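# Examination of the molecular architecture
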Amino acid sequence: MPAVAEFEAGNVFDDQQPYLSELTSRAAWQAWRDLIVTNYRDQGVYCPLGVLIADVGRHSPAAQAVTAQLIRRWQASVGAGIEATQAAGEADPRIDADRTAAAVIAAIQGGVSVLISTGSAEHLVAALDLCLDHLLLPAG
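Bear in mind the structure is a predicted one, so any value in this text is a computation, not a measurement. (Residues numbered from 1 in each chain as written. Predicted model: local features only at pLDDT ≥ 70, side-chain atom pairs only at ≥ 80, totals over all residues. Heavy atoms only, no water.)

## Description of the environment of Thr67
Tracing the chain through its elements places Thr67 in helix H4 (residues 61-87). Distance from Thr67 to Glu6, taken between C-alpha atoms, is 8.1 Å for residues 61 residues apart in sequence. (Helix = DSSP H or I, 4+ residues; strand = E, 2+ residues; numbered from the N terminus.)

## Regarding the nonpolar core
Judged by nonpolar contacts, the single largest core of 35 residues is most densely connected at Trp29, Trp32, Tyr40, Trp74, Val78 and Ile108. Looking at this core, the elements with two or more residues in it are helix H1 (2-14), helix H2 (26-43), H4, helix H5 (97-118) and helix H6 (122-135). (Core = buried A, V, L, I, M, F, W, Y, C linked by side-chain atoms within 4.5 Å. Buried < 20%, exposed > 50% of the residue type's maximum accessible area, 1.4 Å probe, protein only.)

## Quick look at H4
The first and last C-alpha atoms of H4 sit 38 Å apart over 27 residues, in line with the 39 Å expected at 1.5 Å per residue. Taken together, the buried positions of H4 are occupied by Ala63, Val66, Thr67, Leu70, Trp74, Gln75, Val78, Gly79, Gly81, Ile82, Thr85 and Gln86. Downstream of H4 by one or two residues, Gly89 has phi in the positive range, about 80°. (Expected span 1.5 Å × (residues − 1).)

## Comments concerning H5
The terminal C-alpha atoms of H5 lie 31 Å apart, and with 22 residues this matches the ideal 32 Å at 1.5 Å per residue to within 8%. Inspection of H5 places Ala97, Thr100, Ala101, Val104, Ile105, Ala107, Ile108, Gly111, Val112 and Leu115 among the buried residues, and these make up the whole buried set. Projected down its long axis, H5 shows its buried positions confined to an angular sector of 155°, all on one face. Across from the buried face of H5, at angles greater than 90 degrees, the exposed residues are Arg99, Ser117 and Thr118. For H5, the N-terminal capping position is held by Asp96, with its side-chain oxygen 3.1 Å away from the main-chain nitrogen of Asp98. (Arc of directions from axis to C-beta. Polar contact = N/O pair within 3.5 Å; in protein donor to acceptor, adjacent residues only side chain to side chain.)

## Examining the pattern of salt bridges
Considering all chains together, one arrives at three salt bridges under this definition. In this structure, Asp34 engages Arg33 in a salt bridge whose closest nitrogen and oxygen atoms are separated by 2.8 Å. A salt bridge links Asp129 to Arg33; its shortest N-O distance comes to 2.7 Å. A residue pair is termed long-range when its members are at least 10 positions apart, and Asp129 in helix H6 and Arg33 in helix H2 qualify at 96 residues. For Asp129, a relative accessible area of 27% translates into the label partly exposed. Here the residues in one salt-bridge network are Arg33, Asp34 and Asp129, joined through shared partners. (Salt bridge = Lys/Arg side-chain N within 4 Å of Asp/Glu carboxyl O.)

Laid out in structure tokens, this is it:
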């Protein structure tokens with residue numbers, strides 16, 4: 001199981017590149033959001049996040065450790081993007097980057113769970129859009 005978990009965790013992270021590493025502006029966040037929605041919609045029940053969290057991750061402590069490591073790494077990347085966007089003046093400087101990053105990851109995970117269960121990306125889109133509305137300053 002841990003080998004499968006490591007493989008799927010790598011896929012979750014790699015599928016978001018190069019966008020995840022370049023979250024520094026409103027346009028970059030929108031491109032990442034669009035990639036997330038498209039990837040998970042296209043992958044459906046075969047998405048690596050769903051496999052990792054819903055299937056593999058709950059069956060062994062080793063797989064759970066891999067999942068926890070992925071979530072920490074992913075949250076750190078999103079948090080770094082929030083801080084970079086704050087520094088660029090395009091994100092609300094009052095928000096807590098780590099807490100908001102945790103909410104973004106939870107929004108994606110929840111949206112993907114609903115997508116796998118229903119076949120609809122509507123909840124994933126709504127969750128990501130609300131997170132970005134909270135994070136980003138109004139354009140203009």
